[in-house]
Amino acid sequence: MMNGSMIRQTPITCTGHSRPVVDIEFSDITDDLSYYLISASKDGKPQLREGGTGDWLGTFEGHKGAIWAVDISYDGTRAATGAADFTSNYWDAESGDCLASCTHSHIVKSVSINREMNLLLTGTSKSILSVFDVRQPQKSIEEYTGHNGSIKGSKFLGNDNYFISTGEDKLMKMWDRRAKKELKHQSFDQAINSMVLKDDVKVVTITYGNNVALYDVTTFDLLRTHSLPCVVNSASLHLDQRYFVCGGEDMYVYKVSTETGRVLESYKKHFGPVHCIRYSPDGELYASGSEDGTIRLWQDCVGKTYGLWQRPDLNNVHNNNCSPSNHDFVMS
């Protein structure tokens, strides 16, 4: 194992939340070559940051309860939040204005914005999945049932005709919006902790118990599964699919080989369990959110000049799996 004593990883610490950070999402790289990071916290104050530096840009004001889920559009202009006040809000991420508020019968635990930025997919603590048209948000245009217990995650796929959901019932499901029915499902032997899916990586990353599992997003075929030393709350696959990062109850963040399951790097800087972790759209950093109320940004290639990280001495850059020749596996 390579750890913090062998590689000096100096994360950027982003403060501002007063309670645990439970969800984060990055935008894609925008036209001006920047990207954005949105965070959900139990303090009820979702925040927007410059993704490459962690600089605070604004706070979305209006919810009256803990924020459980966030999403941001690919271009960084729109944001969505799901909260304990039974609402999901749709925001102008540039002005901070609330453009639509969708009312539910229960706590909103997941949100997803479609590519066209006109639909919002939500999941509640009472197993209801809903699709709202943000131009007419007074009532959902579609509802789906089939999970038992709280929804853990939901995400539009590709052209928005399909979406994936996970629940407390240990199931991952794919839904066909045109036929308005479940297409397939995958069961797990432990409760699902998280689901991460990005449009440009056709792999869905699932955490359950101590395990990280990678599935083909179309067929639900299992590609890889690996166990970690602790309960894993969240994991995110790198763009080149050769490794993933994850974090959980032991407060460490781990970087793991997709092929072998070998831990390549591990760092302990948080002062509470890691609840969420995501790679940036360029793969140069990853962000983790914790029970300690902070977000930390970590370099994917330690010692490389990027953002606020400088590279004063080339001799201090260790062999730390930054070179493609050091990677074990490319998923086809």
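Nothing here was measured: the structure is a model prediction, and the numbers come from that model. (Residues numbered from 1 in each chain as written. Predicted model: local features only at pLDDT ≥ 70, side-chain atom pairs only at ≥ 80, totals over all residues. Heavy atoms only, no water.)

A.B. asks: Run through the overall build of the protein, naming residues and quoting values.
C.D. replies: Across its full length, the protein holds zero helices and 28 strands. The globule rule puts the C-alpha radius of gyration for 332 residues at 20 Å, and the 19 Å found for the protein is close to it. The buried share of the protein, taken over its 332 residues, is 60%. Carbon and sulfur atoms make up 47% of the accessible area of the protein, which amounts to about 13600 Å² in all. Each charge sign in the protein was given a centre, from 33 positive and 41 negative side chains, and these centres are 4 Å apart. (Helix = DSSP H or I, 4+ residues; strand = E, 2+ residues; numbered from the N terminus. Rg over C-alpha atoms; globule rule 2.2 N^0.38 Å. Buried < 20%, exposed > 50% of the residue type's maximum accessible area, 1.4 Å probe, protein only. Areas by Shrake-Rupley, 256 points an atom, 1.4 Å probe, with all protein chains shown as cover. Lys, Arg positive; Asp, Glu negative; His and termini not counted. Charge placed at Lys NZ, Arg CZ, Asp CG, Glu CD.)

A.B. asks: A description of the environment of Ile-192 should follow, citing residues and the corresponding values.
C.D. replies: Summarising the element assignment, Ile-192 is placed in strand β18 (residues 192-198). Between the C-alpha atoms of Ile-192 and Cys-230, which are 38 residues apart in sequence, the distance is 14 Å. Aside from chain neighbours lying at most four places away, what touches Ile-192 is Lys-152, Thr-166, Gly-167, Lys-170, Leu-171, Met-172, Ile-206, Thr-207 and Tyr-208. (Contact = heavy atoms within 4.5 Å.)

A.B. asks: Residues and numbers for the sheet that holds strand β20 (residues 211-216), please.
C.D. replies: Taken together, four strands build an open sheet; the order of strands is β18-β19-β20-β21 and the sheet is antiparallel. At either end of the open sheet lies a strand with only one pairing partner, and these are β18 and β21 (222-227). Between one strand and the next, the sheet's axes are offset by a mean angle of 15°, whatever the strand orientation. Sheet topology note: the strand β19 (residues 201-208)/β20 ladder contains six bridges and is antiparallel. Paired with Val-204 across the strands is Tyr-215, a residue of β20. (Pairing = 2+ DSSP bridges. Axes fitted to C-alpha atoms, helices over the stretch in contact; angles between N-to-C directions.)

A.B. asks: Hey, could you go over the pairing of strand β3 (residues 36-41) for me, with residue numbers and the actual values?
C.D. replies: Counting buried residues in β3 gives six out of six residues, a clear majority hidden from the surface. Where burial is concerned, the two faces of β3 agree: the one with Tyr-36, Ile-38 and Ala-40 and the one with Leu-37, Ser-39 and Ser-41 are both buried. Pairing of strand β2 (residues 21-26) with β3 involves five bridges; the strand directions are antiparallel. Paired with Asp-23 across the bridge in β3 is Ala-40. Pairing analysis gives four bridges linking β3 to strand β4 (residues 47-50), with the strands arranged antiparallel. Bridge pairing in β4 links Tyr-36 to Glu-50.

A.B. asks: Give me the lowdown on the sheet that holds strand β8 (residues 87-92), citing residues and values where you can.
C.D. replies: Hydrogen bonds along the backbone pair up the strands of a sheet, which may run parallel or antiparallel. With antiparallel pairing, four strands are arranged side by side in an open sheet as β6-β7-β8-β9. Only two strands of the sheet have a single neighbouring strand rather than two, namely β6 (67-72) and β9 (98-103). Along the sheet, successive strands turn relative to each other by an average axial angle of 15°, direction set aside. In this structure, strand β7 (residues 78-83) lies alongside β8, joined through five bridges in antiparallel fashion. Within the sheet, the bridge partner assigned to Gly-82 lies in β8 and is Ser-88.

A.B. asks: Run through the pairing of strand β22 (residues 232-237), naming residues and quoting values.
C.D. replies: For β22, the tally of buried residues reaches six of six residues, placing the bulk of the element in the interior. Pairing analysis gives five bridges linking β22 to strand β23 (residues 243-248), with the strands arranged antiparallel. Residue Ser-234 lies in a different strand from β23, and its bridge partner there is Gly-247.

A.B. asks: I'd like a description of empty space enclosed by the protein, backed by residues and values.
C.D. replies: Taken as a whole and judged by the stated rule, the model has one cavity of 30 Å³ or more. Looking at the largest cavity, its volume works out to about 160 Å³. Lining the largest cavity are 17 residues, with Lys-198, Val-201, Ser-236, Leu-237 and Tyr-279 positioned closest to its centre. Listed by contribution, the elements that provide at least two residues to the lining of the largest cavity are β2, β18, β19, β22 and β26 (274-279). Across the lining of the largest cavity, the residue classes break down as nine nonpolar, four polar and four charged. (1 Å grid on protein atoms, 1.4 Å probe; cavity = no way out; pocket = protein on both sides within 12 Å on 5 of 7 lines; lining within 4 Å. Points joined across faces, edges and corners; volume = space filled by probe spheres on them. Nonpolar A, V, L, I, M, F, W, Y, C, P; charged D, E, K, R; others polar.)

A.B. asks: Tell me about the packing of aromatic side chains, residues and numbers included.
C.D. replies: Here the distance between the centres and the angle between the planes together describe a pair of aromatic rings. Throughout the structure, instances matching the rule amount to twelve aromatic pairs. Put simply, the rings of Tyr-243, Tyr-267, Tyr-279, Tyr-286 and Trp-298 pair up and form one aromatic cluster. One cation-aromatic arrangement involves Arg-115 over Tyr-74; the distance from NZ or CZ to the ring centre is 3.8 Å. The cationic tip of Lys-184 hangs over the ring face of Phe-220; the distance from NZ or CZ to the ring centre is 5.8 Å. (Phe/Tyr/Trp six-rings, centres within 6.5 Å; stacked < 30°, edge-to-face > 60°. Lys NZ or Arg CZ within 6 Å of the ring centre and 35° of its normal.)

A.B. asks: Which residues make up the side chain of Gln-299, and what are the values?
C.D. replies: Note on placement: Gln-299 falls in strand β28 (residues 295-299). Residue class for Gln-299 comes out buried when judged on its relative accessible area of 5%. In terms of polar contacts, Gln-299 uses its side chain to reach the backbone carbonyl oxygen of Lys-304, at 2.5 Å. Aside from chain neighbours lying at most four places away, what touches Gln-299 is Gln-9, Glu-284, Tyr-286, Lys-304, Tyr-306 and Trp-309. (Polar contact = N/O pair within 3.5 Å; in protein donor to acceptor, adjacent residues only side chain to side chain.)

Everything listed here is a matter of geometry and, on its own, says nothing about what the molecule does.
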